[in-house]
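An overview of the molecular structure
Each chain, letter by letter, is given below.
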Amino acid sequence: METLLNKILKDNKHLTREGKVASYIPALKKANQDDLGICIVDVNGNTYKAGEYNKKFTIQSISKTISLMLAIMDNGEDIVFDKIGMEPTGDAFNSMVKLEMISPSKPLNPMINAGAIAVASLIKGKNADEKFERLLNLFRKISNNNKLNINKEAYLSEKETGDRNRALAYFMKDVGIFDGNVEEILDVYFRQCAIEVNSIDIANIGLFLANRGQIPKTREKVTTESIAKTVKTFMITCGMYNESGQFAIEVGIPAKSGVGGGIMASVPNEMGIGVFGPALNEKGNSIAGYGVLKDLSDKLNLSIF
Ligand code: GLU
């Protein structure tokens, strides 16, 4: 398997030159454009790795899957989906255009920034610290890595410059999607995006979702099958920004990407895959990471369709 992974990385490495690392969060500019790594963990406890699988990066939007899971565990689906929709947008992840066009106003899904900020407002806890602590502990458990923590520089960099997200949040408060302290809600969101991981960590989280909400190693049931299914379905319909339809056709695996260059994928009942390549295409997906997952899906016949 590792021979195959090394070959796939080699075949896709040239794509890293065709993408660009994210720069709208200043701290992300420091990433090395040429990096490319992968880790696969399967339900039988095997781990396969290649390339820069050990490099750390910030989880960014991949965190939206697990914050959604916690918000549903805290409130139930009815309350969550009363505030946030279930439909793909076809727009960029940080777009605000649809918020004012839909009546009553509601972010279209929890994988775009507006939806994920509304999700952060639903996580239980008496203040931002307690809410984030609960979320971080969940990440530590399902990634099987007790050391997970935030990258402070990335967190502060986004907190300082995240005016687009601030605008989305203040608009949503104004139209009643949530109430409470906007800066506190954004603080939870900015911190969750800044959690630092490597490909192994996101492969483990992907495996946990693939295994229907149970950690294979410890057999601990962290969430229900139904919640894990909802999260994976959003990964298929909305997980790869406004390239989700194309990715579903070409790769066919539930996946979520982030502007830090990570892609987490879950092959139902089989494996979790973590890919890292910070050079992004125009849609915000890791350009070589997309290619790697496409080749892997072709070679191992992983499409769920
Ligand atoms: N923290 C990033 C933002 O809100 C996450 C975006 C992403 O990874 O898609 O812009």
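Residues numbered from 1 in each chain as written. Predicted model: local features only at pLDDT ≥ 70, side-chain atom pairs only at ≥ 80, totals over all residues. Heavy atoms only, no water.

A tally of regular secondary structure across the protein chain gives 13 helices and eight strands. Taken over the C-alpha trace, the protein chain has a radius of gyration of 18 Å; the compact-globule value for 305 residues is 19 Å, and the two agree within 12%. Principal-axis analysis of the C-alpha atoms places the extent of the protein chain at approximately 55 × 40 × 35 Å. Scored against the burial criterion, the 305 residues of the protein chain give a buried share of 58%. Here the protein chain displays about 12,700 Å² of accessible surface, and carbon together with sulfur accounts for 48% of that area. Within the protein chain, one finds 37 positive and 36 negative side-chain charges whose respective centroids are separated by 3 Å. (Helix = DSSP H or I, 4+ residues; strand = E, 2+ residues; numbered from the N terminus. Rg over C-alpha atoms; globule rule 2.2 N^0.38 Å. Buried < 20%, exposed > 50% of the residue type's maximum accessible area, 1.4 Å probe, protein only. Areas by Shrake-Rupley, 256 points an atom, 1.4 Å probe, with all protein chains shown as cover. Lys, Arg positive; Asp, Glu negative; His and termini not counted. Charge placed at Lys NZ, Arg CZ, Asp CG, Glu CD.)

Glancing now at the side chain of Ser257. With respect to the element layout, Ser257 can be found in strand 6 (residues 255–257). Under the relative-accessibility criterion, Ser257 is labelled buried at 0%. What Ser257 contacts, discounting residues up to four positions off in sequence, is Ser61, Ile62, Gly239, Met240, Tyr241, Gly262, Ile263 and Asn285. (Contact = heavy atoms within 4.5 Å.)

For the pair helix 6 (residues 128–143) and helix 10 (residues 199–210), the least separation of the axes is 8 Å and the interaxial angle reads 85°. Looking at the two axes, helix 6 sits roughly perpendicular to helix 10. Contacts between helix 6 and helix 10 pair Phe139, Ile142 and Ser143 from the former with Asp201, Asn204, Ile205 and Phe208 from the latter. By residue class, the composition of the contact of helix 6 with helix 10 is four nonpolar, two polar and one charged. (Axes fitted to C-alpha atoms, helices over the stretch in contact; angles between N-to-C directions. Parallel < 35°, antiparallel > 145°, perpendicular 65-115°, else oblique. Nonpolar A, V, L, I, M, F, W, Y, C, P; charged D, E, K, R; others polar.)

Now for the pairing of strand 2 (residues 47–51). In summary, the side chains of a regular strand alternate between the two faces of the sheet. Pairing between strand 1 (residues 37–42) and strand 2: five bridges, direction antiparallel. Opposite Gly37, over in strand 2, you have Gly51 as the bridge partner. Hairpin connection between strand 1 and strand 2: a loop of four residues separates the two successive antiparallel strands, and Gly45 in this loop has a positive phi of roughly 90°. (Pairing = 2+ DSSP bridges.)

The strand order across the open sheet formed by three strands is 3-5-4, and the pairing between neighbours is antiparallel. Single-partner strands in this sheet number two, and they are strand 3 (57–58) and strand 4 (149–150). In this structure, strand 3 lies alongside strand 5 (residues 195–197), joined through two bridges in antiparallel fashion. The residue of strand 5 that forms the bridge with Phe57 is Val197.

With that out of the way, let us pick up the sheet that holds strand 8 (residues 271–276). Strand order in the open sheet formed by five strands is 2-1-8-7-6, with antiparallel pairing between adjacent strands. Each of the sheet's edge strands pairs with one partner strand only, and the pair in question is strand 2 and strand 6. Strand-to-strand twist across the sheet, computed as the mean angle between neighbouring axes with direction ignored, equals 10°.

We now examine the packing of helix 1 (residues 2–12) against helix 13 (residues 287–300). At a minimum axis separation of 9 Å, helix 1 and helix 13 run at an interaxial angle of 135°. Between helix 1 and helix 13, the angle falls in the class oblique. As helix 1 runs across helix 13, the sense of the crossing is right-handed. Mapping the contact onto sequence places Leu4, Leu5, Ile8, Leu9, Asp11 and Asn12 in helix 1 and Ala288, Gly291, Val292, Asp295, Leu296, Lys299 and Leu300 in helix 13. Tallied by class, the residues present in the contact of helix 1 with helix 13 amount to eight nonpolar, two polar and three charged. (Left-handed = near helix turned anticlockwise from the far one by under 90°.)

It is worth spelling out the state of the cysteines at this point. As enumerated under the stated definition, the model contains zero disulfides in all. Counting only cysteine sulfurs, Cys193 is the nearest neighbor of Cys238, a cysteine outside any disulfide, at a range of 16 Å. On the basis of relative accessible area, Cys238 is assigned to the buried category, the value being 7%. (Disulfide = S-S within 2.5 Å.)

What follows covers the site of the ligand. Taken together, 13 residues lie near the ligand, and Tyr24, Gln60, Ser61, Tyr189 and Tyr241 sit nearest. Gln60 is positioned with one of its side-chain polar atoms (N or O) 2.6 Å from a nitrogen atom of the ligand. At a separation of 2.5 Å, an oxygen atom of the ligand approaches a polar side-chain atom of Tyr241. Within the complex, the protein chains bury 99% of what would otherwise be the 300 Å² of accessible surface of the ligand. (Near = heavy atom within 4 Å. Polar contact = N/O pair within 3.5 Å; in protein donor to acceptor, adjacent residues only side chain to side chain.)

Turning to the pattern of salt bridges, a few remarks are in order. Inspection of every chain in the model, using the stated rule, returns 16 salt bridges. We note a salt bridge from Lys141 to Glu220, for which the minimum N-O separation is 2.9 Å. On the criterion of sequence distance, the pair formed by Lys141 in helix 6 and Glu220 in the loop between helix 10 and helix 11 (225–238) is long-range, its members being 79 residues apart. Sharing partners across several salt bridges, the network here consists of Asp129, Lys159, Asp187 and Arg191. (Salt bridge = Lys/Arg side-chain N within 4 Å of Asp/Glu carboxyl O.)

So, about the pairing of strand 8. Along strand 8, six of the six residues are buried, which leaves the element largely enclosed by surrounding structure. Of the two faces of strand 8, the one holding Met271, Ile273 and Val275 and the one holding Gly272, Gly274 and Phe276 are both buried throughout. As defined by bridge partners, strand 1 adjoins strand 8 across six bridges and the pair is classed as antiparallel. When the sheet's bridge partners are listed, Gly37 is paired in strand 8 with Phe276. Between the end of strand 7 (residues 262–267) and the start of strand 8, which pair antiparallel, lie three residues, with Asn269 showing a positive phi angle near 65°.

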